[in-house]
Every structure is written in C-alpha cells, then in structure tokens.
Amino acid sequence: MDAESLLLSLELASGSGQGLSPDRRASLLTSLTLVKRDYRYDRVLFWGRILGLVADYYIAQGLSEDQLAPRKTLYSLNCMEWSLLPPATEDMVLQTSVVKGRFMGDPSHEYEHTELQKMSEGEKVFEEEVVVQIKEETRLVSVIDQIDKAVAVIPRGALFKTPFGPIHVNRTFEGLSLSEAKKLSSYFHFREPVELKNKTLLEKADLDPSLDFMDSLEHDIPKGSWSIQMERGNALVVLRSLLWPGLTFFHAPRTKSCGSIYVGTGEKNIDLPFML
Amino acid sequence: MGDPPPDPEPRPQQPSSRRSSQVSQRRSRELSQPPPTISEEVPPIAFDGRVLQGGQGILASQTNLQDWSSGPPLTQQEMFQAEEAQLGGVEYPSLNMGFQPQPYLEEGGIQAARNASLMLQQLQQGQGSLFQQLDSAYLETQPNFLGQFNMYQGEDLQFNQGAPHGPYMRDDPALQYSPSELGFMPFNMEVPEPEPRELAVQNAKAYLLQTSVSCSLSLYEHLVNLLTKILNQRPEDPLSILESLNRTTQWEWFHPRLDTMRDDPEMEPTYETADRQKALFLRSGAAGEGEQEMEEEVAETAVPNIMESAFYFEQAGVGLSSDESFRIFMALKQLVEQQPIHTCRFWGKILGLSRSYLVAEVEFREGEEEGEEEEVEEMMEGGEGLDTHAEEEGEEDEEKVTDVIPKPTWKPPPVIPKEESRSGTNKYLYFVCNEPGWPWTRLPHVTPIQIVQARKIKKFFTGYLDAPVISFPPFPGNEANYLRAQIARISAATHISPLGFYQFGEEEGDEEEEGGAGRDSYEENPDFEGIPVLELVDSMANWVHHTQHILLQGRCTWVNPLQKMEEEEELGEEEEKADEGIEEVEQEVGPPLLTPLSEDAEIMHMSPWTARLSCSLCPQYSVAVVRSNLWPGAYAYASGKKFENIYIGWGHKYSPENFNPPLPAPIQHEYPSSPDVMEMTDPTVEEEQALKAAQEQALTASEEEEEDEEEDEDEDLED
C-alpha cells in the first residue's frame, strides 16, 4: 500500500484481522517519508509484515517512475531503521526452496540443510553429505520475490502504458465500477506479463494495449485460489490469496483507493488443492 | 486582457500567421437558434461581439472566452450571413440564443456579462438599422439539427479585413424585411461566391462535424468537450494524461449521469446493509421508556466490553478496525436481547471464500434448554429404530434360503456419544453471522466423530452454512458442523489465561477420581493479583489452558466405546461375538485442565507459542501478547487483571508437513478359508499337459498289458 495513504489503507485492509499497532504505524509514517527522501524513490509502498518466531520483519518497497521496473526492497525490525535487501536471483530462489518452516526473525540466522553432493577426489566420485548454510536474509529476499511474482495485484486501469515504454500511474483512474469489481478479470498481476502472449488474436483484439498489458487473475492455477469478497455492504472489495495466506488486496469501488498488504508467516500454502 | 489567448481549437489547416485570421477565428459566433426555441427566447445577458476590423483586440480576447457559450455551430449559410454582416462594416452584436445554462458556460457567461456593458455602448453608437439587423439575424438562422447538444459555438471563418467584396449585408434582401414578414429564410437566396480559402475551411469544419451511422458524436464535438474539460479542470501536465482524458470524455458522453430520481441498481446491497446496520444502532423501544432503559442498561449486561478488548488487541497489531468492532458490539447486544444469554464473548472471525463468519461464544442461562437439540436427537433415534427393524427382516429372509450367504464380518465402529451440553466440547454455544446486522444463526453441538474427521481433513470455508463438505474421509455433516468442529478444536488448543486467574473450585472429591480424569470446571479466582507483563512474556509457565484438551476420541472425558457395544450386542441376534468384543481399549488421558503452556508439545523444534510485548518502546504501559504458532491467527493478551483471547484467521492448523489425505482402506478379504470354501490356485497349462501326458502313458501302458494278456490267453487257447 502506498505510504502516503497508509492510515486509510490499514483501516480498509483490517478485515483480515492483522494490522499494525499504533506505535508501529507512527514509526512507519515517519520513517517511510525519510526513506523516500534518502533513496529518492518516486513512491514508497509498505509491503507488509512477515511474522517470525522471535521478531517480525517489516518490509517496504521503493518504486521508480516506471512502475514495472524491478523494485528495491527494504526491511526493518523496528519500523525505524531500514536496510536494503539485495535483488532476488534465480539461484537464491532455488537455494531457499529447500528451507521449510517459519522464519526465525533474526536476519543473520542460518538454516542448515544437508544435501548429497557429488565430490570427486582424484578418480573416485562419491556422494557426500554436505551441510549447506542458508542465511535467513536470502530466504527473506526470495520469499518476498515469490510473493510479488505470484500474488501482487493491481486493478485494471490503475496503470497505463505509454508508447515510449514506461508504465505510469493513471491519474485519471476513478476506480472500478461495482460490477467490474466483483470479477477477477478486472485485476491484474503486478508484474511482467507471462501469459499475455499466449492469448489468441481474437482475445487480443478486444484488449486495450495501453491498459491491458498485464496478466489478469482470472486464469490463475489452481482455479479458485483467490477469494473475492465484498465487505461493508458493497463499499469495499477484498481479495485474499489462498496460495499465500495473509495477502490481502482491498479496493473501494468508484474511488481511487486500493492497496495490498501481506501479513503472514511467509509460507506458501501447498495444500491449496486439497482445501478447495 | 490585451493578449490574445491561445487558440483553443486545433485547426491545422488554417493559416495561423495572420493575426486577422486569428482574430476572426476567435470571434464567437453563434447565433443560430433552432427555430422552435426562438419564440421562448429571452436574450440573455451574454453578448457576442463581432469584431469588425483587426483593431478590436480587446473584443477579440473577450469573444474568445465567449467561445464557450452555447450555440450550435454555423452552417455554411449562416457563416456566409455573418461574413456579410461583418464585411459590411457594421458591427452588430448578435445575441446568444437559446443558451441553456450548460456546465461549461459559466466562465464564458461571466466574461460575457462584463463585455455586455461594452457592447451596449457600442450598440448605442451604432447605426439605427442595427436593431433591424439584429432582428433579421434571428431569422437568418437555419434549422440546425445538432441542436442543443452542441455546447460550442460554431466559428466564424470570416476575414474581416481587406475584403474586396461589397457590403453583403445591405444587399441581402432578407434584411430589409421585418421579422413578421419573413418567416423562414429559404436556403437558396442569392449567395455570392465565397473565397476559396474560406471554402476550404468550411469544408474542413464540415468534415469534422460529420457523424457516422454507428456513432452520433462527431469529432468536432468530442474535441470541444475534451478541451472544455481540460480548461475547466486544469490538471497538471495534461499532455501525459491526454489519452486517458480522451477516453473518459468519450465515455462520459455515452454514459450520462443517471437521473437522480432513479435508483442505482449497483448500490442496492450497500444500502441494504446500511439499513440493517442502522437498525443496530437504533434503540429499541419508544422514547418514553428512555430513562428506564438507561437504568437497566447501566446495570450488568451479558455483553462484554468489546471496545476495550479491541483496544488492547490493537496494541498488539491484531483485530478488526474500530468501527467494525463497534458494530460487532452492537450486534452482540442485539443477540443478547434476542436470546436468553448468561454470558457472551466475541470469539473471533473465521475467513471464508465468499463470506466470513463472526463467531460469538455464548452460555445460556440456567435451565434454558435448547429445543433444537432435542428435535435433532429424536430424529436420529427414529432413524436407528428403522435400521434395526430392517435388519431383522433381512435376517428372516436369509434363514429361508438354503445356501447361507456368509455374513460380512465388518461391523461399523461404535458411535461414541456426544458430550452433554455445558460440558466438555459443548460447554458453550456458538452463534455465527456473516456481517454485523445480519441475523445470528446457532451452530449445532459437536459430536466426537465430527472432531475426529475434522482432524483428518483440511478444507476452506465457503461462507454458507449449508454448503456440503466434500472430502475424503467423508465428513459427517455440512459446513455448519465442520465450522463447529474447528471452533471446538481451536478453543481447546488456544484459549489461555494467566496463571492464577482461574482456580479449581473447592471440591470435596480428590484428584483420584475415575481414571484420573481430573476436574473439568473452574472458577475465577477473586484474589488474582495480576502477573507483571514482563514475566508473562518471559516464561510460558505463567499461562495456562482453561479449556479441556480434546482426546483422540473426540471428547474431553473418555468414554469406553466397548461398554456401549456390549449393550448393542445384547440386542442383536446372530452377531459374531468373536475376537472383537473383548478388545482392550486403553483409556485415553489428556493433560488436565489448567496446564501451563510450557507443557505443550513442540512443533518441529519450535515452540508452539510466541510471546511479545506489544510495544517495545514503552514497556511500562505495554501489554503481553501471546501468539499461537500451531493455530495461526489465535492471539491472547493480558495486562494487569484483564485478559482476552481471540481468533481471526482461516480456521486451520499449521503443519510444517504437507497435508496428506488418508489413503483408502485396504481391500477386504472375501471369505476366510475353511474346509467348505478353500481357495486353491488353478493348475497352469504346463501342469495340465504334463498330467495329460502322464494319463495317456498310463492308458497305453494298461492297453499293452491287456493285449499281452490277450495274446497270452490266445496262445493258451491255441495249445
């Protein structure tokens, strides 16, 4: 959610039950403005909170002018001092996919993972158990990256693509209408499109290239991995991801306010197909 | 005012260099009125000035602003007329006819009003024939089919200067007549040849004005609307949002705002919910009873102080927003008024796919029996009676058949009876609703089998209580039962209180009761002093469970299922009382009530509870918060003498391992081997052939022997 509308956004996203305590909110308001100044970001988003056993991580992201450019991620343990996280790479994701369980809450904590590696000594090739140390920071980076790629949501029309390439925030976005807000097809993944090129020409003909340049949530697998609800009568539409429980996206139809927040343990819900 | 404002309309085909042409373009024209409205006209204050020669810079700027005043664009004929008028050197103001107040007009109108005084002066100085010309200007209008929709005035494409043409105005015979004589002007009056450039401009404008069959909006009008909008709203950096503005302007044209008298169908559910919630806030009863009610209400009510709990939980970063909490409070108050409730508590919120559940934990007053439960039980007993009856009939039929079909040896496991109300898992009653203001629904009591099955499955709640739960192993019940079972499990696992808040009552019985089951009731400790927050956070031994642990059986107090089974066996006739009847079933024992949390089992080297101070910056006023790692979403806070539990989440247990659904049961054996029925393998082909060969050999051997014997006999006979 945008740091500028933090209080309102937290209020609207509170339906999922997890939010921020007043002291954290106050610290965030101050520290995020400072982050924006120091790092010269165009927009700062408060991404959410990952619950650890000992401490929680508060994550923020900074965006530049081009909304779809890779974002810089920062984390903090006390909402005051922010540290920049390295960008995620494929190796990191691969490496941390073996780590299971909760986050500890200590960024220097190392997970130990034993795996069999082929070692060769001279002519002999044998397998040996090697203990690989994986830092929690790496795991944090890859989890945030996975969550962003999988479930970051933006409503249709909030961003538009200029002919020169960069994606801008649409200042004339007035919000989705009520009938549109209840459909999953009006929400897009906030990431580079993956399935767009697979669409047939007929489908593409109906799309508007300046607005429909991202994948919609409609074709997510498994089907039904999004729970879409109207709260407060029809005054607020809330999308909750079932694949990464804890991610809440809210939007007040016919208004500009929208945002998403992740408050959870940072673990994927692999049992999703059984649970639907 | 001296600077000519920028040209509002993009006119690429016009020569822009000539100031005179610019000036002429900026002249507002107007004038034509669709004929039906002429008679209603009251000339409004706004005047359009026609600029004569290029010197009238001031007027030019003013008229530019008046461009926004309404009026249909000129047709070719009108433009010609106007040209005539101007070239004639006569300046005459033309009235804006039929100016219905339009939204974009205001600016133009105000400016025009200022100009009006100027115009009037000029008018007075004008020639006497001015008014006559004014009148005729009305009539020279041509019917304009675009009519009132056009907010923009047509532009006058005249050049005002150096025109070699004569004073067309005067030549026009129509002008000499009074309005009453003229009536409609026929189209084909004598019209002199216009200049080629003017013709080109007129053609261009006509092209822009055309509409197509599929769309009644011409490009001209659309551009007018767009630029009007931009000028009125003055957004920053309009070029960057030009496309969006374009799109929205078009959209607005085709989707005019609804009439205020009509209801917006999309907003119906919002209003409905708002109405329901309004009912929550209104006090029941007439105003006259207001005082009495106040007194009654100030006394103790069963409704808990939700706002206080919400405040403390907010310190921990948990809970719904404060207005939502208040609405829940009002909804609970409504529940207390409707049902005979002794104590009530907000248990929490369970999220579902389409809707969520708000759960209230309630205890009825003494003696209030739940009628629903009895009805359900009666139905079940009736069903059982039918079953036994059918069994008996079946057995009679079987006896008549000579070939006795072996009876299956499988017997369903004995049904474990559910716990009584107000004890064990059914200690409290639960009411659910989807949103505050909607009616509360009561959940049925939970049976042990439901809890046992609920442990084996993991399903999301849809939000509809009567939805079926499709799973393997099949869940005995619908979503209401599954919900109740999960609530029971969560309550049993995560309801905790600071050590010492509850104590065991002064009972005469010892702990050596039946099977060491322990006590199952507690009461508040009046001498509870409160534990310092830091201690609560440090050690988990300072917290205790105050709900009973649910055994594997699905109950809190153990019941030997075999005893019941023996009773059933007495009723049955030919049931085999073989091995099963005498199985030893171990009594299940769980941790006793009020066990500290430090005794809880770990999950994969991880403590099942996480305790924190709510605010590390001000520990003096913090609250101790405990979060469950086993049931994500379960929180408890304690501060001083107050504590509370809440659950907000999806309603599932955390397990580090993947969920593995149980495999189907192994295939049952058909018959046990007995002398009657013995299973043997069929002989293989080789064996059969070998046997056949052996038999043939034996046959040939016996034939040879016979032949030998016959030969011997023959020989004997011959001798």
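Keep in mind it's a predicted model, so treat the numbers as computed, not measured. (Residues numbered from 1 in each chain as written. Chains lettered and ligands numbered in written order. Predicted model: local features only at pLDDT ≥ 70, side-chain atom pairs only at ≥ 80, totals over all residues. Heavy atoms only, no water.)

Draft legend 1. Quick peek at the overall build of chain A. When helices and strands are counted, chain A shows seven helices and 14 strands. Scored against the burial criterion, the 276 residues of chain A give a buried share of 53%. For chain A, the proportion of contacts with a sequence separation of at least 24, taken over those separated by at least 6, is 56%. Element-wise, carbon and sulfur atoms account for 55% of the exposed surface of chain A, whose accessible area totals about 12800 Å². (Helix = DSSP H or I, 4+ residues; strand = E, 2+ residues; numbered from the N terminus. Buried < 20%, exposed > 50% of the residue type's maximum accessible area, 1.4 Å probe, protein only. Contact = heavy atoms within 4.5 Å. Areas by Shrake-Rupley, 256 points an atom, 1.4 Å probe, with all protein chains shown as cover.)

Draft legend 2. Quick look at empty space enclosed by the protein. Residues and elements named next belong to chain B. Inspection of every chain in the model, using the stated rule, returns 10 cavities of 30 Å³ or more. There is about 170 Å³ of room inside the largest cavity. For the lining of the largest cavity, the secondary-structure elements that each account for two or more residues are helix H14 (306–315), helix H15 (322–338), strand E3 (341–350) and strand E14 (642–649). Within the lining of the largest cavity, the residues separate by chemical class into 10 nonpolar, five polar and two charged. (1 Å grid on protein atoms, 1.4 Å probe; cavity = no way out; pocket = protein on both sides within 12 Å on 5 of 7 lines; lining within 4 Å. Points joined across faces, edges and corners; volume = space filled by probe spheres on them. Nonpolar A, V, L, I, M, F, W, Y, C, P; charged D, E, K, R; others polar.)

Draft legend 3. A negative patch on the surface, seen in detail. There is a patch of like negative charges on the surface, built from Glu703, Glu704, Glu705, Glu706, Glu707, Asp708, Glu709, Glu710 and Glu711 of chain B. With respect to the secondary-structure elements, Asp708 of chain B resides in helix H21 (residues 685–718). (Patch = residues over 30% accessible without salt bridge, like charges linked within 9 Å, V, L, I, M, F, W, Y side chains within 5 Å. Salt bridge = Lys/Arg side-chain N within 4 Å of Asp/Glu carboxyl O. Lys, Arg positive; Asp, Glu negative; His and termini not counted. Charge placed at Lys NZ, Arg CZ, Asp CG, Glu CD.)

Draft legend 4. Examining the pairing of strand E4 (residues 357–364) of chain B more closely. Residue and element names in this part refer to chain B. With seven of its eight residues buried, E4 lies for the most part within the structure. Bridge analysis of E3 against E4 gives eight bridges, and the strand direction is antiparallel. When the sheet's bridge partners are listed, Ile350 is paired in E4 with Tyr357. Where E3 hands over to E4, the hairpin turn is made up of six residues, counted between the paired strands. Bridge analysis of E4 against strand E5 (residues 429–433) gives five bridges, and the strand direction is antiparallel. Pairing of Val359 across the sheet is with Val432, part of E5. (Pairing = 2+ DSSP bridges.)

Draft legend 5. Highlighting helix H17 (residues 448–456) of chain B. Burial in H17 of chain B covers these residues: Pro448, Gln450, Ile451, Gln453 and Ala454 of chain B. Contact partners of the buried residues in H17 of chain B: helix H18 (479–494) of chain B.

Draft legend 6. Layout of unusual backbone geometry. Here Ile221 of chain A and Pro222 of chain A are connected by a cis peptide whose omega angle stands at 0 degrees. Within the secondary structure, Pro222 of chain A sits in the loop between helix H6 (201–206) and strand E11 (226–231). Note the cis peptide between Phe472 of chain B and Pro473 of chain B, where omega equals 0 degrees. Mapped onto the secondary structure, Pro473 of chain B falls in the loop between H17 and H18. The backbone phi angle of Arg40 of chain A is positive, close to 60 degrees, even though this residue is not glycine. With respect to the helices and strands, Arg40 of chain A occurs in the loop between helix H2 (22–39) and strand E1 (43–50).

Draft legend 7. Representation of H14 of chain B within the structure. Buried within H14 of chain B are the following residues: Ile306, Ser309, Tyr312, Phe313 and Gln315 of chain B. Once H14 of chain B finishes, Gly317 of chain B follows within two positions and takes phi at roughly 85 degrees, a positive value.

Draft legend 8. Inspection of the pattern of salt bridges at higher detail. Scanning the model with the defined rule gives 19 salt bridges over all chains in all. With its nearest N and O atoms 3.8 Å apart, the salt bridge here joins Lys349 of chain B to Glu231 of chain A. Here Lys349 of chain B, found in strand E3, pairs with Glu231 of chain A, found in strand E11, and the two come from separate chains. Here Glu361 of chain B makes a salt bridge to Arg345 of chain B, at a shortest N to O gap of 3.1 Å. Linking Glu361 of chain B in strand E4 with Arg345 of chain B in strand E3, this pair joins segments that are 16 residues apart in sequence. For Glu361 of chain B, a relative accessible area of 6% translates into the label buried. Several salt bridges converge on common partners, so that one network encompasses Arg49 and Asp56 of chain A together with Arg612 and Arg627 of chain B.

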